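Topology and contacts: notes
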Amino acid sequence: MCKYHQTKSTMKLSETKLDTNQLSNRSSLKSNTPKRSDSCKLSYRNSVKSLKSNSNKDGGILHQIPDLDVPYMEINKEYDILKNIAEGCFAKIYLVHHRPIKTNVVLKAIHTELTSFKEFIKEFHYSYQLSHHPNILSSYNVAFQSNDYFVFAQEYAPYGDLAANLGPGGLHESSVKSIASQLSSALGFMHSKSLVHRDIKLENVLVFALDFSRVKLCDFGATTKEGTLVAKIKHTWKNFLPPEVIESVKHERFICRTSADSWQFGIMLYSLLTGNVPWRKADWVNDAKYAAFKKYEERKTTKIPENFSKFSPRFLRAFRKILCHNTEDRAKVTEVMKYMKDKWMDSKITTSKSTGNILGQAASDQDSICVYLNNRESKNSLDENKTRLRRLMSTYCLETSLDQNVVKKRIWEWILSCEEGHGDDVEGY
Ligand SMILES: Nc1ncnc2c1ncn2[C@@H]1O[C@H](COP(=O)(O)OP(=O)(O)OP(=O)(O)O)[C@@H](O)[C@H]1O
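Residues numbered from 1 in each chain as written. Predicted model: local features only at pLDDT ≥ 70, side-chain atom pairs only at ≥ 80, totals over all residues. Heavy atoms only, no water.

Identification of the protein as Serine/threonine-protein kinase meng-po from Pseudolycoriella hygida is taken from an unreviewed UniProt entry.

**Regarding helix α9 (residues 313–322)**
Short version of the rule: Using a 1.4 Å probe on the protein chains alone, a residue whose accessible area is under 20% of its type maximum counts as buried, one over 50% counts as exposed, and one in between counts as partly exposed. Numbered from the N terminus, helices here are DSSP runs of H or I no shorter than four residues, and strands are runs of E no shorter than two. Here a residue-residue contact requires only that any non-hydrogen atoms of the pair lie within 4.5 Å.
Buried residues of α9: Phe-315, Leu-316, Ala-318, Phe-319, Arg-320 and Ile-322, and no others. The secondary structure elements touched by the buried residues of α9 are α7 (258–274) and α8 (288–297).

**A word on the nonpolar core**
Where we set the bar: Throughout, nonpolar core names a set of buried Ala, Val, Leu, Ile, Met, Phe, Trp, Tyr and Cys residues whose side chains join them through atoms within 4.5 Å. Domain boundaries shown here were taken from an automatic or database domain assignment.
Judged by nonpolar contacts, the single largest core of 55 residues is most densely connected at Leu-217, Phe-315 and Phe-319. Listing elements by their share of this core, those giving two or more residues are α4 (162–165), α5 (173–192), β7 (205–207), β8 (215–217), α7, α8 and α9. Each of two domains, domain 1 (55–156) and domain 2 (162–347 + 412–425), supplies a minimum of three residues to this core. Sequence-distant contacts of Phe-315, that is, excluding residues within four places in its chain, are made with Leu-269, Leu-273, Val-336, Tyr-339, Lys-343 and Trp-344.

**Details of the environment of Ser-184**
Residue position: Ser-184 is located in helix α5. Here Ser-184 is in contact with Phe-265, Val-333, Thr-334, Val-336 and Met-337, once residues within four sequence places are set aside.

**As for the confidence of the model for the protein**
Close reading of the predicted structure is inappropriate where its pLDDT is low. Selection rule: Every residue is assigned a pLDDT by the predictor, reflecting its confidence on a scale from 0 to 100.
Looking at the protein as a whole, the pLDDT averages 77, with 67% of positions reaching at least 70. Considering only residues more than four positions removed or in separate chains, one finds that residues 5–43, a stretch of pLDDT under 50, has 84 contacts. Note on residues 45–55: pLDDT is under 50 here. Beyond four places in sequence and across chains, it has 20 contacts. Here the prediction assigns the complex a pTM of 0.76, and the interface score ipTM is 0.98.

**Some details on the environment of Asn-276**
Of note, Asn-276 is situated in the loop between α7 and α8. For the pair formed by Asn-276 and Asn-307, sequence separation is 31 residues and the distance between their alpha carbons is 9.6 Å.

**Some words on the pairing of strand β5 (residues 149–154)**
Rules: A pair of strands is considered paired only if DSSP assigns at least 2 bridges between the two.
Where burial is concerned, most of β5 is hidden: five out of the six residues are buried. As defined by bridge partners, strand β3 (residues 103–111) adjoins β5 across six bridges and the pair is classed as antiparallel. Of the residues in β5, the one forming a bridge with Ala-109 is Val-151. Two elements, strand β4 (residues 139–146) and β5, share five bridges in a ladder whose sense is antiparallel. Bridging from a neighbouring strand, Gln-145 pairs with Phe-150 of β5. Count of turn residues in the β4/β5 antiparallel hairpin: two residues, of which Asn-147 carries a positive phi of about 45 degrees.

**Focus: the site of the ligand**
Inclusion rule: In this text, near means that some heavy atom of the residue lies within 4 Å of the molecule or strand in question. Counting of polar contacts relies on pairs of N or O atoms within 3.5 Å, with two restrictions inside protein: one atom must be capable of donating a hydrogen and the other of accepting it, and residues adjacent in sequence are counted only when both atoms are side-chain atoms. Reported accessibility uses the Shrake-Rupley method at a 1.4 Å probe radius. Residues are deemed covered only where the shown protein chains occlude them.
Cys-89, Lys-108, Glu-155, Asp-161 and Glu-203 are the nearest of the 21 residues found near the ligand. Take Asn-204: an N or O atom from its side chain is 3.1 Å from an oxygen atom of the ligand. At 2.9 Å from an oxygen atom of the ligand is found a side-chain nitrogen or oxygen belonging to Asp-219. Isolated, the ligand exposes 620 Å² of accessible area, and the fraction of that covered by the protein chains is 95%.

**Comments concerning the domain arrangement of the protein**
Put simply, the test is: Simply put, the buried area is the total loss of 1.4 Å probe accessible area from both parts when two parts are fitted together. What counts as a salt bridge is simple: a side-chain nitrogen of Lys or Arg found within 4 Å of a carboxyl oxygen of Asp or Glu. Any residue outside Ala, Val, Leu, Ile, Met, Phe, Trp, Tyr, Cys, Pro, Asp, Glu, Lys and Arg is labelled polar, Gly included; the first ten of those are nonpolar and the last four are charged.
By domain assignment, the protein separates into domain 1 (55–156), domain 2 (162–347 + 412–425) and domain 3 (351–398). The interface is formed by 23 residues belonging to domain 1 together with 25 residues belonging to domain 2. The contact between domain 1 and domain 2 buries some 2,000 Å² in all, and 61% of this surface belongs to carbon and sulfur atoms. For the interface between domain 1 and domain 2, the tally reads two salt bridges. The salt bridge partner of Lys-216 is Glu-155, with a shortest N-O separation of 2.8 Å. Linking domain 1 with domain 2 are nine residue pairs in polar contact (both at pLDDT 80 or more), by the criterion used here. For the side of domain 1 that touches domain 2, the element with the most residues is helix α3 (residues 117–129), which contributes four residues. Taken together, the residues of the side of domain 1 that touches domain 2 sort by class into nine nonpolar, eight polar and six charged.

**Digging into the pairing of strand β2 (residues 91–98)**
Across a regular strand the side chains alternate sides, sitting on one face of the sheet and then on the other. For β2, a buried count of six out of eight residues is recorded, marking the element as mostly surrounded by other parts of the structure. Across seven bridges, the pairing between strand β1 (residues 79–87) and β2 is antiparallel. Following the sheet pairing, Glu-87 is matched in β2 by Lys-92. The antiparallel pairing of β1 with β2 creates a hairpin that spans three residues between the two strands.

**Digging into α8**
Selection criterion: Each C-beta atom gives one direction from the helix axis, and the arc is the one those directions make.
Regarding α8, the residues found buried are Tyr-290, Phe-293, Lys-294, Tyr-296 and Glu-297. Down the axis of α8, the smallest arc covering the buried residues is 160 degrees, so these residues share one side. If you follow the buried residues of α8, they end up packed against α6 (243–247), α7 and α9.

**A word on the sheet that holds β2**
This is how it is decided: Every axis in this analysis is a line fitted to C-alpha atoms, fitted for helices over the stretch in contact. Angles between the N-to-C directions lie between 0 and 180 degrees.
Taken in spatial order, the five strands of this open sheet run β1-β2-β3-β5-β4, and their pairing is antiparallel. The open sheet has two free edges, formed respectively by β1 and β4, since each of these has just one partner strand. Across the sheet, the mean angle from the axis of one strand to that of its neighbour is 25 degrees, orientation sign disregarded.

**What to know about the side chain of His-325**
Among the structural elements, His-325 can be located in the loop between α9 and α10 (359–363). The exposure class assigned to His-325 is buried, which follows from its relative accessible area of 16%. A polar contact of 3.3 Å, which involves the side chain of His-325, links it to the side chain of Glu-247. For His-325, the contacting residues outside a window of four places in its chain are Pro-243, Glu-247, Trp-263, Trp-284, Tyr-290, Lys-294, Glu-297, Glu-298 and Arg-330.

This is the structure in structure tokens:
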């Protein structure tokens, strides 16, 4: 069997055929350093063993980001690029064919100007170490630098991400339950190791079966140990940010908690069930939809907010707990499992689920629009990405027929307004 395709339970680093040792002919990044690929392998073999046997809450060795070096190699030396799958805010995602092993894998290539080497190693470390969970994307023990990119290898998700699979009316309740249970398991696993993902969104869940019976969490670029002081992640949808993050003072750090993942998980469930987001921003002062929900969640009114009226009373209870404003009282991600036997949508509600009624609000969320357009348009995205972007925007009920000159102007305004705070969006270790 191809070593890339071994099941996670049997995948050991010593058996991973294409590992950094196989890149040993390539010059080390720092020629005066010892052969770092050896220490990388050793370190990881130990840590995988420890991780499996380590049941204590602090995650043990998982939190020790190794002091690795990676070899230099040009991608085309061993790989044929088959497809540019996507461009995230930080990374280019390529489907490639690895000639020596004759197999297809994905390379995530992060521009060296967009990340530090330390941050890259941190993402690679968490991606690799969490890989043995069945609902977490498998990353391989392959990392290198190529020209201006830090690169690591992952398995390929044939059906893209959840955003690309979500229509305007949302998914069927049974599919959402299946996705919810898999993500609850993946996130519950991370939380049991005191790790916070910090960027739960539709684009970070990859689809391996068209009936959603196999989905996997990806993108551990923002993953952080619980309790660490962090700054806001700027390049993400504001709709998904929890209130405590929205409320955090600009440029000031805050303590990262697993409750933030619970919140984003709750917003994702809403999005999957409805094809919409519940509000533009969890800011009760400036967002009427969130203000109405907060009042209901805090039992200051019995009036169900209009955009929540389509859910069953039982699932409304779940939403109240997972979208609880108070982080101390917010439900854990695993709480959703208690509701698997209940109906989630209210069958009495017959109105169409697909009304894009937050267009007015969402279209004014220029940061969200610009983050995406800036990211994809300015990098000469492929048509495929543009289609995906349009689909994604329609999922979030964002205007898709924008005047491109207006868009460009907004992008530049946004870039200029961000420049001042650039570099604040990544936490320290
Ligand atoms: N292994 C994979 N197989 C298929 N598609 C993938 C894979 N990894 C990533 N993608 C696609 O590429 C997109 C971007 O990937 P990823 O989130 O890792 O990059 P990023 O630059 O860190 O993203 P972000 O913009 O969220 O910061 C994903 O949303 C998904 O659509």
